[in-house]
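One-letter residues, chain by chain:
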Amino acid sequence: TDLAYRLSGLEAIEPPPANPAPLTPGTVRSLWASDTSNDRSFQFDAELLVVGDHIYIWAEVGSGLPLQAVEQLARQFDNEVYEQARDLWGSEASPGIDGDPRVHAVFARNLGFGVGAYYAGKHSYPIEAVPSSNEMEMMFYNLDTMVGALGTNVMRDITAHEFQHMIRANVDANEDGWMDEGFSTFTEWYLGEPSVGFIQSFQANPNTQLNTWNEDGSRIADYGAAQLWVTYLYERFGEDGIRTLSEDPANG
């Protein structure tokens, strides 16, 4: 936003709305998403399917997602993720760019080859600074890869992972990526059903560097290294220890 003021001649940005009325299921909007494989942004129509206590869940129009499974995900986020993750790490930007304390999650196609989900921080900026911003605190699920997980605890754990990224963007946006991912994989493990997939990959590749991630191939072992590192600190020093590390403004 500062760059937009200084370098592109931006003179004013409208403040977020104050106490907007909650959105209602059935609302349709044109949203932006990112195709990470081709480094491009694109627009699509999305319908608001479910309104939870702390989350809106959207899906690309025509996706045919089972409403019961989407409602289950909203309940899991409200009851098993939202307050628990905030107790660990702090708060996301709230009420945020749209003036609404609920966060947004959207199911969309064509998010990139092999992508499961991601938090997209650019949508927390005003469109005057980022024209392809949705002006929402928002995470995305890939309809091309994640439909089979809907209705399972895997979706809850992935949501906990991405919600940590959303919180991190507010409390320490400049943190090193490997450490941010360590906090997210730990959150996924701590609040959900402990998964050993990342850890097994690291055990098979024990020379994986902790703080310099692979740029050319699979990063599963990198995730495992970061997850084990934060878990080790938690086992030694507890929640207070990892919370102190999280709150430190230094990088890495």
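No experiment lies behind these values; they were computed from the predicted model shown.

Moving on, we come to the sheet that holds strand β3 (residues 55–60). Overall, mixed pairing links the 6 strands, which are arranged β1-β2-β3-β4-β6-β5 in an open sheet. Every interior strand has two partners, whereas the edge strands, β1 (28–35) and β5 (117–119), have only one. Strand after strand, the sheet turns through a mean of 30° between neighbouring axes, direction not considered. With 5 bridges connecting them, β3 and strand β4 (residues 103–108) associate as parallel partners. Along β4, the bridge assignment pairs Ala 59 with Phe 107. Set on the sheet, helix α4 (residues 153–171) makes contact with β4, β5 and β6 (138–142); between it and β6 the angle comes to about 145°.

Okay, the environment of Ser 91 next. On the secondary structure map, Ser 91 appears in the loop between α2 (67–89) and β4. Between the C-alpha atom of Ser 91 and that of Leu 67, which follows or precedes it by 24 residues, the distance is 28 Å. At 3.0 Å, the side chain of Ser 91 forms a polar contact with the side chain of Arg 86. One polar contact links Ser 91 to Glu 92, side chain to side chain, over a distance of 3.5 Å.

Along the chain, Thr 212 turns up in the loop between α6 (197–204) and α7 (220–247). A relative accessible area of 54% places Thr 212 in the exposed class. Distance from Thr 212 to Glu 181, taken between C-alpha atoms, is 12 Å for residues 31 residues apart in sequence.

Scoring rules and cut-offs
- Residues numbered from 1 in each chain as written.
- Predicted model: local features only at pLDDT ≥ 70, side-chain atom pairs only at ≥ 80, totals over all residues.
- Heavy atoms only, no water.
- Pairing = 2+ DSSP bridges.
- Helix = DSSP H or I, 4+ residues; strand = E, 2+ residues; numbered from the N terminus.
- Axes fitted to C-alpha atoms, helices over the stretch in contact; angles between N-to-C directions.
- Contact = heavy atoms within 4.5 Å.
- Polar contact = N/O pair within 3.5 Å; in protein donor to acceptor, adjacent residues only side chain to side chain.
- Buried < 20%, exposed > 50% of the residue type's maximum accessible area, 1.4 Å probe, protein only.

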